[in-house]
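Spelled out from the first residue to the last, the chains are:
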Amino acid sequence: MTGLAAEFDKVKTEVLVQYVVSEAELPQALDVLHKFAFHTIATAVLRNYYAVLPDAREEMACDLRVVAERQKTYLFALQTTHNQYLYLGADNDILYIGTYEQGISDVEILRFFGFKNAKHFKDSLPGAFEDLQTLQDDKNVTVCVACGTAEGELHILGCPVEQCPWCDGQFSRCNCRFDHLGVDQIDDIDLLERLEELLEQKGRVAFRKDQSPSFPTAGGDPGPMLPK
Ligand SMILES: [Zn+2]
Ligand SMILES: [Zn+2]
């Protein structure tokens, strides 16, 4: 990081806001900042917006909604006075995607959030911005202690808390994955991909808060499942 960028980082977001919005709008703009202060990633998105200003439009950020969320990575929709934008936000990492209307063309981002393609994403959006999900206070959200997945979502593959859909044991420890692949060990990426397919067909068990890493184990301990 250059000296100038480091200096810029120290500038408070409140100060950046003052450069962008009119004096009349300032109280409301600061209210929006404070409303999202509980959420680090949302706060970082607002800061990024005021610091970069997509299309150099000097407008107030009015609202932030969640379009999709997975493993603590958020797809945000930002409403400004006259425009709507999409942002990708994770810890200390904010990416401006484009306008809400354009949607998403990046295949990796689409896949990460479970969208088949750009059209599938667009079709899944509600008719009005106001119908998008509001941001929940993270303190009330239960996440998997091992992989950080939120309740109702799939664990990161290999997470020790994931329950095996075949035997109900601990998926990283039971023998089912070997039995279903017909191999003794999973030592290459093709096998891992085949396993993901089999799991998808069977239906993986999403995280529930009553699951814990101390699952009763079925089968022996065949060692780590991911290839080294
Ligand atoms: Zn997990
Ligand atoms: Zn099993």
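As a starting point, this report considers the structure included with it.

Criteria and thresholds
- Residues numbered from 1 in each chain as written.
- Chains lettered and ligands numbered in written order.
- Predicted model: local features only at pLDDT ≥ 70, side-chain atom pairs only at ≥ 80, totals over all residues.
- Heavy atoms only, no water.
- Helix = DSSP H or I, 4+ residues; strand = E, 2+ residues; numbered from the N terminus.
- Buried < 20%, exposed > 50% of the residue type's maximum accessible area, 1.4 Å probe, protein only.
- Areas by Shrake-Rupley, 256 points an atom, 1.4 Å probe, with all protein chains shown as cover.
- Donors = N, O, S within 2.8 Å, 3.2 Å for Na, K, Ca; no water.
- Tetrahedral: all angles 85-135°; square planar, octahedral: opposite > 155°, others 65-115°.
- Arc of directions from axis to C-beta.
- Contact = heavy atoms within 4.5 Å.
- Salt bridge = Lys/Arg side-chain N within 4 Å of Asp/Glu carboxyl O.
- 1 Å grid on protein atoms, 1.4 Å probe; cavity = no way out; pocket = protein on both sides within 12 Å on 5 of 7 lines; lining within 4 Å.
- Points joined across faces, edges and corners; volume = space filled by probe spheres on them.
- Nonpolar A, V, L, I, M, F, W, Y, C, P; charged D, E, K, R; others polar.

## Focus on the overall build of the protein chain
- Scanning the protein chain from N- to C-terminus turns up eight helices and four strands.
- In the protein chain, which comprises 228 residues, the proportion classed as buried is 42%.
- Accessible area of the protein chain: about 13000 Å², with a carbon and sulfur share of 49%.

## What to know about the coordination of the zinc ion (ligand 2)
- Binding of the zinc ion (ligand 2) to the protein goes through Cys 164 (SG), Cys 167 (SG), Cys 174 (SG) and Cys 176 (SG), at separations of 2.2 to 2.3 Å.
- Its four donor atoms give the zinc ion (ligand 2) angles of 105 to 113° at the centre, a pattern that matches the tetrahedral case.
- Considered as a linear motif, the donors of the zinc ion (ligand 2) on their single chain read C-x2-C-x6-C-x1-C.
- Cys 176 gets classed as buried once you look at its relative accessible area, which sits at 12%.

## Section: helix 3 (residues 26-35)
- Looking at helix 3, one finds that the buried residues are Leu 26, Ala 29, Leu 30, Val 32 and Leu 33. The buried residues of helix 3 occupy one face: seen down the axis, they fall within an arc of 150°.
- On its buried face, helix 3 is in contact with helix 2 (13-20), helix 4 (40-52) and strand 1 (61-70).

## Digging into the pattern of salt bridges
- Counted under the stated rule, the structure contains six salt bridges.
- Asp 123 serves as the salt-bridge partner of Lys 119, at 2.7 Å between the closest nitrogen and oxygen. Highlighted residues: Lys 119 and Asp 123, both in helix 6 (residues 118-124), separated by four residues, approximately one helical turn. Here the two residues Lys 119 and Asp 123 agree in accessibility, since each one is exposed.
- In this structure, the salt-bridge partner of Arg 194 is Glu 197, at a minimum N-O distance of 3.0 Å.

## Comments concerning the environment of Ala 61
- Following the sequence through the fold, Ala 61 ends up in strand 1.
- Exposure remark for Ala 61: the relative accessible area of 1% places this residue in the buried category.
- Separated by 31 residues in the primary sequence, Ala 61 and Leu 30 place their C-alpha atoms 9.4 Å from one another.
- Excluding residues within four positions of it along the chain, Ala 61 makes contact with Val 32, Leu 46, Tyr 49, Tyr 50, Leu 78, Gln 79 and Thr 80.

## Things to note about the layout of surface pockets
- Within this model, the largest pocket holds a volume of roughly 570 Å³.
- In terms of lining, the largest pocket is formed by 17 residues, of which the most central are Arg 70, Arg 111, Phe 112, Glu 196 and Arg 204.
- Those elements that place two or more of their residues in the lining of the largest pocket are strand 1, helix 5 (107-112) and helix 8 (189-202).
- In terms of residue class, the lining of the largest pocket is made up of seven nonpolar, three polar and seven charged.
- Space inside the second largest pocket adds up to approximately 330 Å³.
- Considering the residues around the second largest pocket, the lining is formed by 14 residues, among which Ala 44, Arg 47, Asn 48, Asn 92 and Ile 94 are closest to the centre.
- At the level of elements, helix 1 (3-10), helix 4 and strand 4 (93-99) are the ones that each hand at least two residues to the lining of the second largest pocket.

## Some details on the coordination of the zinc ion (ligand 1)
- Ligation of the zinc ion (ligand 1) by protein atoms is provided by Cys 144 (SG), Cys 147 (SG), His 155 (ND1) and Cys 159 (SG), these donors lying 2.1 to 2.4 Å from the ion.
- Classification of the site at the zinc ion (ligand 1) as tetrahedral follows from its four donor atoms and the range of 107 to 113° in their angles at the metal.
- Each donor residue of the zinc ion (ligand 1) belongs to the same chain, and together they define the spacing C-x2-C-x7-H-x3-C. Linking Cys 144 in the loop between helix 6 and helix 7 (176-181) with Cys 159 in the loop between helix 6 and helix 7, this pair joins segments that are 15 residues apart in sequence.

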